[in-house]
Amino acid sequence: MGLRNRVKQPTPANVGSEEGFFSKNSALRNSASSNLKIFMLCLIIRVINSLFVHTYFNPDEHWQAPEVAHRIAFGYGHLTWEWKKGIRSYLHPLIFAALYKVMAFFCLDTPWFMRKAPRLLQSLFAAVGDLYLYKLSVTLFDENVAKWALFSGLTNWFMFFCITRTFSNSLEAVLTLVSLYYWPCMRVTRKKTFLFSRRCALLAAALACAIRPTSAITWIYVGLLELFHAHDKLKFILLDVVPIGGLMLGLVILLDRLLYGSWVLVPLNFVKFNVLASGGDYYGSHPWHWYISQGFTAMIFTYLPFSITGVILSRQWKTAGLIAWMLGVYSLLGHKEFRFVLPVLPLVLMFSGYSLAKLGQHGLFKGEIKDHPISHARSSPYLKAAVCFLLVTNLPMAFYMGMVHQRAPEDVMYYLSRAASEDKVRNILFLMPCHSTPYYSSLHHNIPMRFLDCTPSEEKGMLDESDKFLNDPSGFTAEFARNWSLPSHIVVFDSEEKQLKEFLSSHHFIEIRRFFNSHFKVDRELQASIAVKKKNELILSVIDLMKWKTMNTRFLLLCDAALASPFFPVFIGSFLTSAKTARMDVFSGSTQRLSVTKFLDLFEVVESMAGTTEGIFEQSEDSNHYERLHRELIFDAFICPLTKQLMRDPVTLESGQTFERQAIEKWFEECWENGRRLICPVTFRELSSSELNPSIALKNAIEEWNARNEAAELDIARKCLSSSSSINDNIRALKFIQNLCLKNQSNKQVIRDSELIPMIVDLLKSVSRGVRCFTLETLRIVVEDDIDNKEMMAEGDTVRTIVKSLSREHNEKEQAVSLLYELSKMDQLCERIGAVNGAILLLVGITSSTSDDVATVQNADQTLENLARCENNVRQMAECGRLQPLLSLLIEGSPGTKLSMAGFLGELVLNSDVKVFAARTAGSSLINLMKSTDVESREAALRALNQISSDEASARILVQEGVLPPLVRDLFTAEPKQLPARLKEVSATILANIVNSGCEFDRVLVGSNQQTLVSEGIIHKLLHLINNTGPAIECKLLQVLVGLTTSSSYISSVVSAIQSSGATISLVQFIEAPQRDLRLASIKLLENLSPHMGSELASCLCSTSGQLESLIKIITENGGISEEQAAAVGFLSDLPETDTALTKKMLDEGVFQMFSSRIIRIRQGEVGRFITPYFEGLVKVLARVSFAVSEYPEFRALCRDCNLPSIFVDLLQANGMDNVQMVSATALENLSHESKNLSRMPDNPPPGFCVSVFPCISKPTVVTGLCRVHRGICSFNETFCLLEGQAVDKLVALLDHQNDKVVEASLGALCTLLEDGVNMEEGVQVLLDPSEGAKLILYLLLEARSESLRRRTVWAVERLLRNGDVADEVCCDQNISTALVDAYQHGDFRTRQIAECALKHVDRIPNFSGIFPNAGAG
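None of the values given here were measured: they were computed from a predicted structure.

Participant: Please give an account of the overall build of the protein that cites residues and values.
Facilitator: Within the protein one finds 77 helices and ten strands. Residues classed as buried in the protein amount to 52% of the 1418 residues present. Nonlocal contacts in the protein, meaning residues at least 24 apart in sequence, comprise 70% of its contacts between residues at least 6 apart.

As structure tokens, then:
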């Protein structure tokens, strides 16, 4: 029969047997040649892998290893801010520094090798990791699994994409595999090699932690596991962990001391910054589930189902626990990246290898359990399909991500490196997000380069250069260009290039190469390509020369002015110093300095060239039109030689040179600090004194020059502020006005008197976002601390126009918020701002934003605080969810204000969080207002409390604040102080809300004599009030009782009070109430009471006419299934099944026929919100019939007419509805008990004449078609035979259910085939084949899930063991015998009796032991 093999529990791989392990795998583990072949194969694959990776993934690949190594090896390279803070160790970069030194020695530092060599070296480490993945898999499983684990590691797309990159995480992943292979707790280790293996593991783990401190997350788990298993725990810590860890830490500290130049404890700094200070969050944070829902799921890709299956089947819980631990801890960190969990990926892929190896077995998933989980069977079709599926999904992904997606950063640096080798590149500017490309490690030429900095600022909310550039590329670049000379090359993404077209063309940059980057965006706008721009030298040389010629007249005038000036020597020196160097590449390729005369001569030569330069010059002139139009030529004598800026407080040294006072004082301080002699920074002559003489004449001249220019510029600004002017002119005019206002507060009046403010406001309608941003900023500066200017802003639609900017891009939004904050300081404008539709909603949205700048959020918050001075604004804020201003007025305002705010609070629709906040902040104030003698105040407070108390958490807070005593007092108070009926309804609603919050009411005193809400006296008062008020209040009070009876702690008190007051009948009568809400509340209360007052309630329904009919009418209403119908049928179903009087009355009312029809309709597809409780109630009511079948023939007829047995069998398959399955199985059990009584032998036909005369010639009658179990004629509808109804297989299937009650009910129905009065032998055979029910019953015995289930299971097993064949098969199974012995020792009296009989059947108890009578089916 094979029963013993079927019931034998599966066991994992024989890793617990050391002898078996070594006998099977010693040849493989000790074969160096085999390991060498595997390593060489992996090395070849990984080298090819590295050559196929051409894309840019994460900046740390280049900036934290090769870039640092390049600086160590060649003396130049960029160190990021992490190295300045000392949170990176030099250990990892030194590996690549050594590689660079070797390459330089053999002259291999060419562009191609500099690009590929680091990854080729990493491919060597990756091959070592692959080898140890194979060896670890052999150790944990066997060689077949190891091969498939290696296949998974080599073909997974993310391993291909990432493992050969120069991340510290890649080397960490390799060291993790090496260390795990040697840890004794993760494998079986011989005693001779135990200590060596453990120390190797510790060394690899320490090295991983030195390279990346977060690797300690892995080794905390493994170390604690090893400590738990170790017999020599103290030696493990003192002789292994401390020496090896200390040695590694000391070596790293010494290495960092050598290269940092000072003592730096990198691990401590790393933990402080990334863990304690959450510094990593600066680069973005993710939700806790990101690795599970997105990150790691994408990494493992289509290997996910295979890996999960492998974990479950292999039962390697130590390794699975390590995976769960690593993913769980990394999920707690705010900043998350794919590469952080790279060490986890090979371990998960190892389980995928286990699944693939299992797929290679034939019939694996058909139920067979073999002694060893892995066999070396030939490949099955399932395995071939799985391999094809994995290759088809992973290889295209690997090649696309490795060779196509984001390849431009590497291609552009390779191009620039080759161009630099040919001296075609002088300096480079990267106008792109910081670290978007590799740097010197790829360029390998020491030429000036500049990228946008993104060092985290110590000031929160401070934007770095990269963020400023992304917010406003054109504006940032124009400002940025003032502080650096133009480079020869600019590298820019196409997404920003569109906004820099004007800048690039005005500075004569032309595109020389464009590199494809991506087909889709990653975290910003689509960066489809990278463009390389080069400065056009020929055009610039011609333009410079033409400028000198057109300005020669101005130079002559300047010289005349200078000759008449007392500062003539200074002027001449400044002029000669600032004279431009003309590039003569057009003529001879040489460069020389030219005098003014030579310049004039040179123009004649330029003019003789082709006239193509005129257009170029005109374009340049247009770009400088604004400066030439409004600014007088500045004298060089006005410029400080140190700051190159216009002087404001000029002072003269004894050398005769003039400087800005602050600049020369700083120069002197630096000389003193550095111990240098005082010298003049221009003449470099030593100074005998540091005395500074004010240059009053020069200062007056500068001030006069400023005044003239400001007047001219103001006039020009007016012309340039018109919408017809160019964008550049608009921006320049706005900047001038900003500077003018910042220079002197009185200039703001000048702006106002010049009527420039309306013109500035008109620019808010510009189509240019940059113009709008500058306009908002200018308006903020103009109105700052100036009431008159603010009053002008209140005119017209200015405020409305400003508010529109709140919904636009970040930079414009920031400026709009800053401006509104400044305007909100004026009360008149507060009303105007609040009156703009949507203004407050937008500001509230900004305060809760996580994407906006911190400073913007703070300004928005302060703006709302200012706006809260207006009561109408407070109401709007409350509607938008900002409740604090309203609550503040509710707490601290005048009585009238409190009344107004409470009334408005009662009208609001609040979410749960806001309700909790309101309850915590203003709950006590509202309660005090509710105690007022003024009816209007009490009404406002009650309505507000009604709104707040509808949330469970806020209701609990109100209870703590003391809302219950006054609330109950208001409900029970009689004339003349009682509340109006409408307010009593509100009070009752509040009480219902509070009761349904789950508070502990037995500790809150609400009346005299230490009474609580659940005291019998209070319940009596509630019942009395229910019978003497209107329907609205009755409904709410019934809801109070519903809330109390929902709690198991209070229902006994309520039941006792109802019984003592005799209110049962009155509660039942509410079923007939015409109000739906009142009926629903009463039915829900009765449903809660029915388990405790079932007989009394059933008696009321039977004795009183109308209630049962009303209940049935509610249940059978057509249309959608309502909550009322679900509650009604739930109440009816909870009444005692054995109450035959109620069952008969229901039969008379035709309930069962209607319910059976409704059940069939629902099974055919009827749906609804309350379908599940409604359906469960219908089935439970219908099952009442099965309890009356044995006594009343009419119920047997009902079963036959309505085909109820078939309905119950069909409901056994109602998956997801445990109660339906349990009730159906119970009903079938009750019906099956009657089968032996209803089954009858057929009547013999009357004998013929011959037979009656000669009885000797008669033959015995042969009867066919008899039931093998009941030994009579059976049919499902007539005798309820489970065999005839084909219910056995469905019942057996439920034995594997997760719900113990469903299993117990199904087992009870099956036990009717083994009870006394039936053919037990045939019943056993029915359970053996083909349903295998006996096997599942034996499994239930082994599981012993609950005491009642074990009692019934032991009874069934004892009946099965009466079959000799079954007993013979089971007697050798130690597990079943042990389970029976356990039942015999620990079961109740009846279970012990039955277990003793079962043990006799398997010869575990001698035959002369006590004999017990046969037991019924529990």
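Participant: Help me get a handle on the pairing of strand β1 (residues 428-431), residues and values and all.
Facilitator: Residue alternation in β1 divides its side chains into two sets, I428 and F430 and L429 and L431, and both sets are buried. Bridging between β1 and strand β3 (residues 489-493) involves four bridges; their strand directions are parallel. Each residue of the ladder has a partner; that of L429, found in β3, is I490.

Participant: Explain the environment of S215 residue by residue, including any values.
Facilitator: Mapping S215 onto the fold places it in the loop between α12 (194-211) and α13 (216-229). Sequence separation between S215 and P343 is 128 residues; the distance between their C-alpha atoms is 8.9 Å. When residues no more than four places from it in sequence are discounted, the contact partners of S215 are E172, A208 and C209.

Participant: Lay out helix α35 (residues 727-743) with the relevant residues and their values.
Facilitator: Note that an α-helix has 3.6 residues per turn; residues three or four places apart therefore point the same way. Taking 1.5 Å per residue as the helical rise, α35 with its 17 residues ought to reach 24 Å, and the 24 Å between its terminal C-alpha atoms agrees with that figure. Three or more residues of α35 are buried, namely D729, N730, I731, A733, L734, K735, F736, I737, Q738, L740 and C741.

Participant: Give me a negative patch on the surface: which residues, what numbers.
Facilitator: A surface patch of negative charge is lined by E665, E669, E670 and E673. Note on E669: relative accessible area 43%, which makes it partly exposed.

Participant: Kindly report on the packing of aromatic side chains, identifying the contributing residues and their values.
Facilitator: Enumeration over the complete set of coordinates arrives at 39 aromatic pairs. Measuring from centroid to centroid gives 4.9 Å for F141 and Y354, while their planes differ by 55°, and the two rings are tilted. Of this pair, F141 sits in the loop between α8 (111-140) and α9 (143-155) while Y354 sits in helix α19 (residues 344-359), placing them 213 residues apart in sequence. Like F141, the residue Y354 is buried in the burial classification.

Participant: Describe the side chain of H489, and please don't skip the residues or the numbers.
Facilitator: Its place among the elements puts H489 in strand β3. Looking at H489, the relative accessible area reads 3%, which means it is buried. Here the side chain of H489 touches S488 through a polar contact of 2.9 Å, side chain to side chain. For H489, the contacting residues outside a window of four places in its chain are L416, K424, V425, N427, I428, L429, I512, V532, K533 and K534.

Participant: For the sheet that holds strand β9 (residues 658-660), give the residues involved together with the corresponding values.
Facilitator: In spatial order, the strands read β9-β8-β10; together these three strands make up an open sheet with antiparallel pairing. Lying at the two open borders of the sheet, with one neighbouring strand each, are β9 and β10 (693-694). Across two bridges, the pairing between strand β8 (residues 650-652) and β10 is antiparallel. Looking across to β10, one finds that V651 is bridged to P694. On the sheet, helix α33 (residues 661-673) packs against β8, β9 and β10 and is oriented at approximately 95° with respect to β9.

Participant: Can you break down unusual backbone geometry residue by residue, with the values?
Facilitator: Located in the positive-phi region is F301, a residue other than glycine, with phi close to 60°. Here F301 lies in the loop between α16 (290-300) and α17 (304-314). For H508, which is not glycine, the phi torsion reads 65° and is therefore positive. Within the element layout of this structure, H508 appears in the loop between α26 (501-506) and β4 (509-516).

Participant: Any chance you could break down a positive patch on the surface for me, citing the residues and the numbers?
Facilitator: Together, K765, R800, K804 and R832 make up a region of like positive charge exposed at the surface. Tracing the backbone through its elements, the reader meets R832 in helix α42 (residues 827-835).

Participant: So, the state of the cysteines: which residues are in play, and what are the values?
Facilitator: Following the criterion strictly, the structure yields one disulfide and no others. Here C434 is linked by a disulfide to C454, with a sulfur-sulfur distance of 2.1 Å. The chirality of the disulfide connecting C434 with C454 is right-handed, given an S-S dihedral of about 90°. Separated by 20 residues along the polypeptide, C434 in the loop between β1 and α22 (440-443) and C454 in the loop between β2 (449-451) and α23 (465-471) bring together distant segments of the chain. Considering cysteine sulfurs only, C1202 is the nearest to C1199, which forms no disulfide, with 8.2 Å between them. According to the relative accessible area criterion, C1199 is buried, its value standing at 1%.

Participant: So what's going on with the environment of F515? Which residues, and what values?
Facilitator: Mapped onto the elements of the fold, F515 is located in strand β4. Residue classification places F515 among the buried residues on the basis of a relative accessible area of 9%. Along the sequence, F515 and I530 sit 15 residues apart, while their C-alpha atoms lie 5.3 Å from each other. If near-sequence neighbours (up to four positions away) are discounted, F515 is found in contact with A408, D411, V412, Y415, A528, S529, I530 and V532.

Participant: Describe helix α24 (residues 473-480), with residues and values.
Facilitator: P473, G475, F476, T477 and F480 are the residues of α24 that are buried. Buried residues along α24 sit against β1, β2, α23, α25 (494-497) and α26.

Participant: Help me get a handle on the nonpolar core, residues and values and all.
Facilitator: Within the largest apolar cluster, 192 residues are counted, with the highest numbers of intra-cluster contacts made by L905, L1044 and L1132. In this structure L1132 touches L1101, L1108, L1111, I1115, M1146, F1155, V1181 and R1184, once residues within four positions along its chain are discounted. One finds C185, L322, V341 and L359 within the second-largest nonpolar core, a separate group that totals 80 residues.

Participant: Tell me about the packing of helix α46 (residues 884-892) against helix α48 (residues 912-930), residues and numbers included.
Facilitator: Across the interface, α46 lies against α48 with an axial gap of 9 Å and an inter-helix angle of 15°. Overall, the two elements α46 and α48 adopt an arrangement that is roughly parallel. In terms of crossing hand, the pair formed by α46 and α48 is left-handed. Touching Q884, L887, L890 and I891 of α46 are F917, A918, T921, A922, S925 and L926, all from α48. Its residues assigned to classes, the contact of α46 with α48 comprises seven nonpolar, three polar and no charged.

Participant: An account of the confidence of the model for the protein is requested, with residue identities and associated values reported.
Facilitator: Overall, the prediction assigns the protein a mean pLDDT of 80, with 84% of residues at 70 or greater. Contacts from residues 1-30, a stretch scored under 50 in pLDDT, to residues over four places away or in other chains number 61 contacts.

Participant: Can you lay out the pairing of strand β5 (residues 529-535) for me, pointing to particular residues and giving the numbers?
Facilitator: Judged by how many residues are buried, β5 sits mostly within the fold: six of seven residues are covered. The sheet contact formed by β4 and β5 spans seven bridges and is antiparallel. Paired with R514 across the bridge in β5 is A531.

Participant: Outline the sheet that holds β4, listing residues and values.
Facilitator: Taken in spatial order, the five strands line up as β2-β1-β3-β5-β4 in an open sheet, and their pairing is mixed. Edge positions in the sheet fall to β2 and β4, since each has one partner strand and no second. Between one strand axis and the next, the sheet turns by 20° as a mean value, whatever way the strands run. Bridge analysis of β1 against β2 gives three bridges, and the strand direction is parallel. What sits directly across from F430, in β2, is F451. Taken strand by strand, helix α21 (residues 408-421) contacts β1, β3, β4 and β5, and its axis lies near 130° from that of β4.

Participant: Provide a residue-level description of empty space enclosed by the protein, including the pertinent values.
Facilitator: The full count for this structure, using the stated rule, is six cavities of 30 Å³ or more. Of the pockets and cavities examined, the largest cavity occupies roughly 180 Å³. If you go around the largest cavity, you meet 17 residues; those closest to its centre are R88, S89, S168, I211 and R212. Mapped onto the lining of the largest cavity, the elements with two or more residues apiece are α7 (91-105), α12 and α15 (266-276). When the residues that make up the lining of the largest cavity are grouped by side-chain class, the tally is nine nonpolar, four polar and four charged.

Reading the values: rules and limits
Residues numbered from 1 in each chain as written. Predicted model: local features only at pLDDT ≥ 70, side-chain atom pairs only at ≥ 80, totals over all residues. Heavy atoms only, no water. Helix = DSSP H or I, 4+ residues; strand = E, 2+ residues; numbered from the N terminus. Buried < 20%, exposed > 50% of the residue type's maximum accessible area, 1.4 Å probe, protein only. Contact = heavy atoms within 4.5 Å. Pairing = 2+ DSSP bridges. Expected span 1.5 Å × (residues − 1). Patch = residues over 30% accessible without salt bridge, like charges linked within 9 Å, V, L, I, M, F, W, Y side chains within 5 Å. Areas by Shrake-Rupley, 256 points an atom, 1.4 Å probe, with all protein chains shown as cover. Salt bridge = Lys/Arg side-chain N within 4 Å of Asp/Glu carboxyl O. Lys, Arg positive; Asp, Glu negative; His and termini not counted. Charge placed at Lys NZ, Arg CZ, Asp CG, Glu CD. Phe/Tyr/Trp six-rings, centres within 6.5 Å; stacked < 30°, edge-to-face > 60°. Polar contact = N/O pair within 3.5 Å; in protein donor to acceptor, adjacent residues only side chain to side chain. Axes fitted to C-alpha atoms, helices over the stretch in contact; angles between N-to-C directions. Disulfide = S-S within 2.5 Å. Core = buried A, V, L, I, M, F, W, Y, C linked by side-chain atoms within 4.5 Å. Parallel < 35°, antiparallel > 145°, perpendicular 65-115°, else oblique. Left-handed = near helix turned anticlockwise from the far one by under 90°. Nonpolar A, V, L, I, M, F, W, Y, C, P; charged D, E, K, R; others polar. pLDDT = per-residue confidence, 0-100. 1 Å grid on protein atoms, 1.4 Å probe; cavity = no way out; pocket = protein on both sides within 12 Å on 5 of 7 lines; lining within 4 Å. Points joined across faces, edges and corners; volume = space filled by probe spheres on them.

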